[in-house]
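Tertiary structure, described
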Amino acid sequence: MSLKDLNTVDIVMRVPGEDAKVALVAYDSGDVTEPSEREALLQHKLAFYSEFVRSGQFERANPALAGHLICIEVVCVLPPTDAMRRIESVVDKEGLGFMGVSVTSDQEFRARLGLKQRTS
């Protein structure tokens, strides 16, 4: 999964320990290393995620999760830039849909969920 894939939600997951919360995961695989390019791609990907939810596509694709609180998790193989870490939320173009955003490293994400650490 890559930030370059701007028209795909990488992962949809229920947030462990929070039954009514769903995370849309954007996975930054590390294939783009230039900081400003990564930041721009992330902005575009977050805009797609916002439109995915706002348009009703999320509920149509995941009817069992309709009505759940939705957040976005950005998981980075390379350390996220300071600008990436400062992103806390997205709001759709009408200013109606709000989703919290968490930007973390792959290691932090795996540790928080109790998952095995990635090797190599």
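Heads up: these notes are all about the structure in this document. Just so it is clear, the model here is predicted, and its values are computed rather than measured.

Once that is clear, we can look at the pairing of strand S5 (residues 98-105). Note: strand S3 (residues 69-76) against S5, 5 bridges, orientation parallel. Considered in S5, the bridge of Ile72 is made with Val101. Pairing of strand S4 (residues 89-91) with S5 involves 3 bridges; the strand directions are antiparallel. Counterpart to Val91 in the pairing with S5 is Phe98.

Its 20 residues place the ends of helix H1 (residues 35-54) 28 Å apart at the C-alpha level, agreeing with the 28 Å of an ideal helix rising 1.5 Å per residue. Of all the positions in H1, only Arg38, Leu41, Leu42, Lys45, Leu46, Phe48, Tyr49, Ser50 and Phe52 are classed as buried. Directly after H1, the chain includes Gly56, whose backbone phi takes a positive value near 90°.

So, about the environment of Ala83. Mapped onto the fold, Ala83 is located in helix H3 (residues 82-85). Residue Ala83 is classed as partly exposed on the basis of its relative accessible area, which comes to 26%. C-alpha of Ala83 to C-alpha of Pro35: the two residues are 48 residues apart in sequence and 9.1 Å apart in space.

Further remarks concern the packing of aromatic side chains. If you walk through the whole model with that rule in mind, you get 3 aromatic pairs. Taking the centre distance of 6.3 Å and the plane angle of 65° together, the rings of Phe48 and Tyr49 count as edge-to-face. As far as the burial class goes, Phe48 and Tyr49 line up, both buried. Each residue in the set Phe48, Tyr49, Phe52 and Phe58 is aromatic and connected to the rest through ring pairs, giving one cluster.

Our focus in this paragraph is the pairing of strand S2 (residues 21-28). Burial within S2 is extensive, with 7 of its 8 residues counted as buried. The pairing of strand S1 (residues 11-14) with S2 spans 4 bridges and is antiparallel. Counted as the bridge partner of Ile11 is Val25 from S2. Two successive antiparallel strands, S1 and S2, enclose a turn made up of 6 residues, where Gly17 displays a positive phi of approximately 85°.

What follows covers the nonpolar core. Ile72 and Val74 are the most contacted members of the largest nonpolar core, which has 24 residues in total. Elements with a minimum of two residues in this core: S2, H1, S3 and S5. In terms of residue count, the dominant contributor to this core is H1 (6 residues). Apart from the residues lying within four places of it in its own chain, the contact partners of Val74 are Ala26, Leu42, Leu46, Val101, Ser102, Val103 and Thr104.

One open sheet accounts for 5 strands, arranged S1-S2-S3-S5-S4; its pairing is mixed. Lying at the two open borders of the sheet, with one neighbouring strand each, are S1 and S4. Going across the sheet, the axis of each strand differs from the next one's by a mean of 30°, ignoring polarity. Along the sheet face, helix H4 (residues 106-113) touches S1, S2, S3 and S5 and points at about 105° away from the line of S5.

Thresholds, definitions, all that
- Residues numbered from 1 in each chain as written.
- Predicted model: local features only at pLDDT ≥ 70, side-chain atom pairs only at ≥ 80, totals over all residues.
- Heavy atoms only, no water.
- Pairing = 2+ DSSP bridges.
- Helix = DSSP H or I, 4+ residues; strand = E, 2+ residues; numbered from the N terminus.
- Expected span 1.5 Å × (residues − 1).
- Buried < 20%, exposed > 50% of the residue type's maximum accessible area, 1.4 Å probe, protein only.
- Phe/Tyr/Trp six-rings, centres within 6.5 Å; stacked < 30°, edge-to-face > 60°.
- Core = buried A, V, L, I, M, F, W, Y, C linked by side-chain atoms within 4.5 Å.
- Contact = heavy atoms within 4.5 Å.
- Axes fitted to C-alpha atoms, helices over the stretch in contact; angles between N-to-C directions.

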